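The primary structure of each chain is shown beneath.
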Protein chains: 2
Amino acid sequence: MTKAETVTAATTARADFIEKIGVIAQSEGLPRIAGRVMAMLLYDGERVSFGQLADALQVSRGSVSSSVRMLESQQLIKRVAKPGDRQDYFQVVDHAFANMVEAAATRVRRAATDIEESLREIPASETGPRARVADYAAYYRAMGEGLDTTAEALRKSR
Amino acid sequence: MTKAETVTAATTARADFIEKIGVIAQSEGLPRIAGRVMAMLLYDGERVSFGQLADALQVSRGSVSSSVRMLESQQLIKRVAKPGDRQDYFQVVDHAFANMVEAAATRVRRAATDIEESLREIPASETGPRARVADYAAYYRAMGEGLDTTAEALRKSR
DNA sequence: TAGTGTGTTCAGTCAAAATTGAACACGTTG
DNA sequence: CAACGTGTTCAATTTTGACTGAACACACTA
């Protein structure tokens, strides 16, 4: 490959990656744009400005705003300053992946709590339903613990 | 509580449970009706007919059809016969929860494969992006393994 | 102070997904 | 065979949520 070809290959690989993560995010129930923002920050590594995000991803500033806020709230990215530029910049936080798993664990635990609440409403005489609903809650608890274990493992590596 | 009160409490507890699981299913990106079907089968334990599902959940037969087909395809419920009744009956399969986790593991592994495919497209000269994308793929692999461990644990218990 | 750059908000638009209900295919029953 | 019961399919509808873009608030700058 000539140098020019390598540059082209890199650009299309980057674009493909960003789009692919957008689709994956969507399939996981997240907004597509949030996935693409995360992908761009991940790929580029260095801080990226608010304007660059809107520009490169071809989306409205409103969408960038809501996406970065969601990603910030999930502790996946952080807002940083660049001296001499009034724009906000963003970059992926350390242990972002561990935080993703942690967030999933939290959601699962919330579901477990909800189900346990239902369980308490079932009269003691209903032994069959009670046992089955309890199993269901236990399943969510097991999921939560498994996710926590994974999160911890990810946090330790690197 | 009188006996009548207990019966009432049981009925509303059942209805609440079914609705709650419907909402949880929805929040996990599954059709709400599928969640309610699963909940009803889970709560009742014994086989439930196609007609009872449509009737009790107040949904069209078309919805019941697509929901049970989805749940069957994910190995969460099975279609069984009841002698003397032409209707199809359904009940939760053994290890349904383990199968749920297994399905999640499969989805995650598919994502990992997708990302690894992207990784292969990035020129070797792009060491930074390559390292970060590889980390991302490794995260999905770790998730897959964690989920498999959880699935196995669930399968062993009971 | 007026003007410009920046991010947020929110009402409106749009697209995707869920849900319905009617047409249909197939088996059973009288 | 005709009538009915049963589950599936699919076009139409409804609902949900993402996304846009304009109005806005705020801070900086000339």
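Relevant structure appears above.
Residues numbered from 1 in each chain as written. Chains lettered and ligands numbered in written order. Predicted model: local features only at pLDDT ≥ 70, side-chain atom pairs only at ≥ 80, totals over all residues. Heavy atoms only, no water.

Undergrad: Sorry, what's going on with the protein's contact with DNA strand D here?
TA: S63(A), R61(B), S65(B), R69(B) and D88(B) are the nearest of the 17 residues found near DNA strand D. Considering the 4 Å shell around the protein, atoms of DNA strand D inside it are sugar or phosphate in 58% of instances. Note that a phosphate oxygen of DNA strand D is positioned 2.6 Å from one of the side-chain N or O atoms of S63(A). For the surface near DNA strand D, the residue count by class is four nonpolar, six polar and seven charged. (Near = heavy atom within 4 Å. Polar contact = N/O pair within 3.5 Å; in protein donor to acceptor, adjacent residues only side chain to side chain. Nonpolar A, V, L, I, M, F, W, Y, C, P; charged D, E, K, R; others polar.)

Undergrad: Which parts of the structure should I look at to understand unusual backbone geometry?
TA: Phi is mostly negative for residues that are not glycine, and the peptide bonds are mostly trans. Here H95(A), not a glycine, exhibits a phi torsion of approximately 60°, which is positive. By the element assignment, H95(A) lies in the loop between β3 (85–92) and α5 (96–121). Positive phi is not limited to glycine here, since Q75(B) has a value of about 60°. Within the element layout of this structure, Q75(B) appears in the loop between α4 (61–73) and β2 (77–82). (Helix = DSSP H or I, 4+ residues; strand = E, 2+ residues; numbered from the N terminus.)

Undergrad: Please clarify how the pattern of salt bridges should be interpreted in this entry.
TA: Pairing between side chains of opposite charge can happen when the charged atoms of each approach one another. On inspection of all chains with the given rule, the structure shows 20 salt bridges over all chains. Linking R79(B) and E72(B) is a salt bridge whose minimum nitrogen-to-oxygen distance equals 2.7 Å. By relative accessible area, R79(B) is classed as partly exposed at 33%. With relative accessibility at 24%, the residue E72(B) sits in the partly exposed group. For D88(B), the salt bridge identified is with R79(B), shortest N-O distance 2.6 Å. Through salt bridges with shared partners, one network takes in E19(A), R32(A) and R36(A). (Salt bridge = Lys/Arg side-chain N within 4 Å of Asp/Glu carboxyl O. Buried < 20%, exposed > 50% of the residue type's maximum accessible area, 1.4 Å probe, protein only.)

Undergrad: Honestly, the relation of the copies chain B and chain A in this entry has me stumped. Any pointers?
TA: Both copies of the chain are related through a single rotation about an axis accompanied by a shift along the same axis. Relative to chain A, chain B is turned by 180° and slid 0.0 Å along the rotation axis, the superposed coordinates differing by an RMSD of 0.2 Å. In symmetry terms, the pair is related by a two-fold rotation axis. Most of the interface of chain B is mirrored in chain A: 100% of its interface residues are interface residues there too. (Least-squares fit on C-alpha atoms with pLDDT ≥ 70 in both. Contact = heavy atoms within 4.5 Å.)

Undergrad: Would you mind showing me how to read the interface of chain B and chain A here?
TA: Size of an interface, as often reported, equals the accessible area lost when the parts are brought together. If you look at the interface, chain B gives 40 residues, while chain A gives 40 residues. For the pairing of chain B and chain A, the buried interface totals around 3,600 Å² over both sides, and the portion due to carbon and sulfur atoms is 71%. Together, Y43(B), Y136(B) and Y139(B) form the three largest contributors to the area buried by chain B at its contact with chain A, with a combined 16%. There are two salt bridges connecting chain B and chain A. Between K20(A) and E117(B) there is a salt bridge, with its nearest N and O atoms 3.6 Å apart. (Buried area = accessible area lost by both parts, 1.4 Å probe.)

Undergrad: Hey, could you run me through the sheet that holds strand β1 (residues 48–49) of chain B in this one?
TA: One key point about sheets: their strands pair by backbone hydrogen bonds, in either a parallel or an antiparallel sense. All names here are of chain B. Pairing within the open sheet is antiparallel, and its three strands lie in the order β1-β3-β2. The open sheet has two free edges, formed respectively by β1 and β2, since each of these has just one partner strand. With five bridges joining them, β2 and strand β3 (residues 85–92) adopt antiparallel strand pairing. Residue pairing in the sheet places I77 in a bridge with V92 of β3. (Pairing = 2+ DSSP bridges.)

Undergrad: Please clarify how the packing of aromatic side chains should be interpreted in this entry.
TA: Aromatic ring pairs: the centre-centre distance and the angle between the two ring planes describe each pair. Inspection of the entire model under this criterion finds 16 aromatic pairs over all chains. Ring plane angle 20° and centroid distance 5.3 Å describe the contact between F97(A) and Y136(B), whose orientation is recorded as stacked. In this pair, F97(A) sits in helix α5 while Y136(B) sits in helix α6 (residues 127–156), so the two residues belong to two different chains. Y136(B) matches F97(A) in its accessibility class, with the two residues each being buried. Ring centres 6.1 Å apart and planes at 10° place the aromatic pair Y136(A) and Y139(A) in the stacked group. Here Y136(A) and its partner Y139(A) are both found in helix α6 (residues 127–156), three residues apart, which amounts to about one turn of the helix. No difference in accessibility class separates Y136(A) from Y139(A), as the two residues are buried. Aromatic ring contacts, followed pair by pair, group F17(A), Y43(A), F97(A), Y136(B), Y139(B) and Y140(B) into a single cluster. In this structure, R47(A) is placed above the aromatic ring of Y89(A), and the distance from its NZ or CZ to the ring centre is 6.0 Å. (Phe/Tyr/Trp six-rings, centres within 6.5 Å; stacked < 30°, edge-to-face > 60°. Lys NZ or Arg CZ within 6 Å of the ring centre and 35° of its normal.)

Spatial relationships are all this shows, so hold off on functional conclusions.
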